[in-house]
Amino acid sequence: MKQTLVLKQTILLAAISALLSACGGGGGSSDSSSANQGQNNSTVALANQCAAPRAGTADRQGSVDTEKAYLKAFVNDTYLWYQDVPANINPASYATPQAYFDVLKTPKLTASGKPVDQFHWSQTTASWQAQSQGIAQDYGIQWAAQASAPPRNWVVAEVAAGSPADKAGIKRGDRLLAVDGVDFVNDATSTGIAKINEALFPSVLAAHQLTFSGKAAQTLTPATYSVATVSKVKVIPTLNGNVGYFVFDQHIAQSETELISAISQLKAQNVTDLVIDLRYNGGGLLYVASELAYMIAGPGPTSGKVFEQLTYNDKLTYLNKQYPFYNTAVNGTVLPYLGLNKVTLLVSQGTASASESLINSLRGVDVSVNLIGNTTRGKPYGFVPQDNCGYTYFAIQFKGVNQKGFGDYPDGFAATCAVADDFTRQRGDTAESMLSAALSYRQTGVCPVSVARAIPAAWTDFTLVRPLSKEMRLLSPSVAR
């Protein structure tokens, strides 16, 4: 039987706690104020009753059973599809609260046969807080997989600046051949699979040896570094005007400042069109998406309009809310804007959640949005992260629609021009398949066949390898928006 790799939700913690303290704590996108949203008094009474209370927190002595009881009550209070959760699930059948939480979701399928809820998980609160603040502790490699069973084919989709992989000279497009002496492509033994999984998704800080095509073996140790969410900001001159371009990979709090800087730079350079590279952007904070939509379109089409209408379950109708297109930053600073009536987005199956809100909201106010790449992930839902006893839980709590009332895209948004990701070139290279197609389509209004044919079959049909925590649309009670 072919052995498939198992993606673990592990995020290393060795240096994260100290770095969070240096950054002013772990507020990020989740805090204790989320504990009461939509929960009744009996549920709140169960909160923070922990099998292993943490010193210096609101934790009280409880048990594994009280943690499970809280999760059952939390889901019953706030989950969008609480009526569909099977009633006969026995909590005693699950060793941990997290394993029990994993099954407290709807078993229903979409029209295409996919699970209605593909976005239900938990992770340690420390790892979530670190991620929320743009702190990573890993090699700095975003993997893309064409096959995860022998013969496996994984390539490097992106390398984070300043990460161990970046310092080792690993580049986008490098193909993984061996891991700690194990043949990554062909090994099918349980021992080999265990070694590969531990090296690619390490549970402890330790050095591992990775071998890539055309390179000598590299010894890498996960390290802590800060991640920029906006990069490669530039202007591309064309025959009919300057086109702005930048990469945007995650909607977190720090993105606000980075996006303001990027839009201001492009505005000063008189761009008449814009291409945003969202191919790996799994989403994040909804207010950041709203601000970016405003900075693209300006006040003309957005003033007084709905960015997204959020709807909760029938117990929580008082939480239903219309989110506007925000024209100011969280601190009240007036946002710059380009005032464009069209925008081009580079997208893939890695484009999800808040990124899809950006697409849907702009189309809702008749801004033309051209999508170059592949069908997006399909996640018109979101949640407020919920902390309890050292873990943060993510259960879908609301769905969103745009100004026109549309939000039915559980199978994603189809591309205007279908173009495979081009790992043979760096993002931002005008000859890279998606960006080249975007520039060509802008000129002609026709999808360029030559670009699609230029990518060998061996470089197509890749999907990102990443945890669900990289695909989200969420509200942050710690930010008054």
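As the structure is a computational prediction, the values presented were derived from the model and not from experiment.

This paragraph deals with the pattern of salt bridges. Pairs can form between side chains of opposite charge whenever their charged atoms are close. The final tally for this structure, using the stated rule, is 15 salt bridges. Measuring nitrogen to oxygen at the nearest pair gives 3.5 Å for the salt bridge that ties Lys114 to Asp411. With Lys114 in the loop between helix H4 (97-102) and strand S3 (121-124) and Asp411 in the loop between strand S23 (398-401) and strand S24 (417-418), this residue pair connects regions lying 297 residues apart in the sequence. Here Asp421 and Arg172 are joined by a salt bridge, their closest N and O atoms 2.7 Å apart. One end of the pair, Asp421, is in the loop between S24 and helix H12 (433-444); the other, Arg172, is in the loop between helix H6 (164-167) and strand S7 (176-179), with 249 residues separating them in the sequence. Neither Asp421 nor Arg172 differs from the other in exposure class; each is buried. Among the charged side chains, a network of salt bridges with common partners joins Glu158, Arg172, Asp249, Asp277, Arg279, Asp421, Arg427 and Glu432.

To continue, consider H12. Taking 1.5 Å of rise per residue, 12 residues should cover 16 Å, and H12 covers 16 Å from first to last C-alpha, within 8% of that figure. When we look at burial in H12, the residues that qualify are Ser433, Met434, Leu435, Ala437, Ala438, Leu439, Tyr441 and Arg442. Phi turns positive one or two residues past the end of H12, at Gly445, with a value near 75°.

Looking now at the nonpolar core. Grouped together as the largest cluster of nonpolar side chains are 47 residues, with contacts concentrated most on Phe246, Phe248, Leu274, Ile276, Leu345 and Leu362. Every element with two or more residues in this core is listed here: strand S13 (241-248), helix H8 (255-268), strand S14 (271-277), helix H9 (286-297), strand S16 (306-311), strand S18 (342-347), helix H11 (354-364) and strand S19 (368-373). Looking at which element gives the most residues to this core, the answer is H9, with 10 residues. Leu362 has contacts with Ala293, Ile296, Ala297, Val343, Val367 and Val369, leaving out every residue within four places of it along the chain. Leu80, Val85, Val116 and Ile396 belong to the second-largest nonpolar core, a separate cluster that totals 24 residues.

To continue, consider the packing of H8 against H9. Interhelical geometry of H8 versus H9 gives an angle of 10° and a closest axis separation of 10 Å. With respect to H9, the element H8 is oriented roughly parallel. Along its contact with H8, which presents Ser255, Glu256, Leu259, Ile260 and Ile263, the element H9 presents Tyr287, Val288, Glu291, Leu292 and Met295. Looking at the contact of H8 with H9, its residues break down into 7 nonpolar, 1 polar and 2 charged.

Time to look at the sheet that holds S7. Strand order in the open sheet made by the 4 strands is S8-S7-S9-S10, with antiparallel pairing throughout. What marks the edges here is a single partner per strand, and that holds for strand S8 (182-183) and strand S10 (218-220). Here helix H7 (residues 190-200) sits on the sheet in contact with S7, S8 and strand S9 (208-212), set at roughly 105° to S7.

In this section: the packing of aromatic side chains. Applying the stated rule across the entire model yields 20 aromatic pairs. A ring pair is formed by Phe101 and Tyr393, whose centres lie 4.9 Å apart and whose planes are at 65°; its orientation type is edge-to-face. Linking Phe101 in helix H4 with Tyr393 in strand S22 (residues 391-394), this pair joins segments that are 292 residues apart in sequence. Considered together, Phe101 and Tyr393 belong to a single accessibility category, that of buried residues. Between Tyr294 and Tyr337, the aromatic rings sit 5.8 Å apart at their centres with planes inclined by 65°, giving edge-to-face as the arrangement. Taken as a pair, Tyr294 in helix H9 and Tyr337 in the loop between strand S17 (321-324) and S18 lie far apart in primary sequence, 43 residues in all. Under the relative-accessibility criterion, Tyr337 is labelled partly exposed at 31%.

Structurally, Asp314 is set in the loop between S16 and S17. Take Asp314: its relative accessible area is 53%, and that puts it in the exposed class. If we skip the residues at most four places from it in the chain, Asp314 touches Tyr82 and Gln83. Within the local environment of Asp314, its side chain forms a polar contact with the side chain of Tyr82, the two groups lying 2.6 Å apart.

Right, let's talk about the side chain of Gln98 for a bit. Its location among the elements puts Gln98 in helix H4. A residue is classified by how much of its surface remains accessible, and Gln98, at 14% relative accessible area, is buried. Filtering out sequence-adjacent residues up to four positions away, Gln98 remains in contact with Ser122, Tyr391 and Tyr393.

What follows concerns the side chain of Ser122. Its location among the elements puts Ser122 in strand S3. You can call Ser122 buried: its relative accessible area is 12%. Excluding residues that lie within four positions of it along the chain, Ser122 makes contacts with Gln98, Phe101, Tyr391, Thr392 and Tyr393.

Parts of the model with low pLDDT should not have their predicted coordinates read in detail. For the chain, mean pLDDT is 88; residues scoring 70 or higher make up 87% of the total. Confidence over residues 6-34 falls short of pLDDT 50; this stretch has 79 contacts with residues more than four positions distant or in other chains.

Within the structure shown, the criterion is met by 2 disulfides. The disulfide that involves Cys50 links it to Cys389, with 2.0 Å between the sulfurs. An S-S torsion of about -85° defines the bridge between Cys50 and Cys389 as left-handed. One end of the pair, Cys50, is in strand S1 (residues 49-50); the other, Cys389, is in the loop between strand S21 (386-388) and S22, with 339 residues separating them in the sequence. Taking relative accessible area as the criterion, Cys50 reaches 1% and is therefore assigned buried. A sulfur-sulfur distance of 2.0 Å marks the disulfide that ties Cys417 to Cys447. The S-S bond linking Cys417 to Cys447 shows a torsion near -90°; that makes this disulfide left-handed. Of this pair, Cys417 sits in strand S24 while Cys447 sits in the loop between H12 and helix H13 (449-453), and the two are 30 residues apart along the sequence.

About the cut-offs
- Residues numbered from 1 in each chain as written.
- Predicted model: local features only at pLDDT ≥ 70, side-chain atom pairs only at ≥ 80, totals over all residues.
- Heavy atoms only, no water.
- Salt bridge = Lys/Arg side-chain N within 4 Å of Asp/Glu carboxyl O.
- Helix = DSSP H or I, 4+ residues; strand = E, 2+ residues; numbered from the N terminus.
- Buried < 20%, exposed > 50% of the residue type's maximum accessible area, 1.4 Å probe, protein only.
- Expected span 1.5 Å × (residues − 1).
- Core = buried A, V, L, I, M, F, W, Y, C linked by side-chain atoms within 4.5 Å.
- Contact = heavy atoms within 4.5 Å.
- Axes fitted to C-alpha atoms, helices over the stretch in contact; angles between N-to-C directions.
- Parallel < 35°, antiparallel > 145°, perpendicular 65-115°, else oblique.
- Nonpolar A, V, L, I, M, F, W, Y, C, P; charged D, E, K, R; others polar.
- Pairing = 2+ DSSP bridges.
- Phe/Tyr/Trp six-rings, centres within 6.5 Å; stacked < 30°, edge-to-face > 60°.
- Polar contact = N/O pair within 3.5 Å; in protein donor to acceptor, adjacent residues only side chain to side chain.
- pLDDT = per-residue confidence, 0-100.
- Disulfide = S-S within 2.5 Å.

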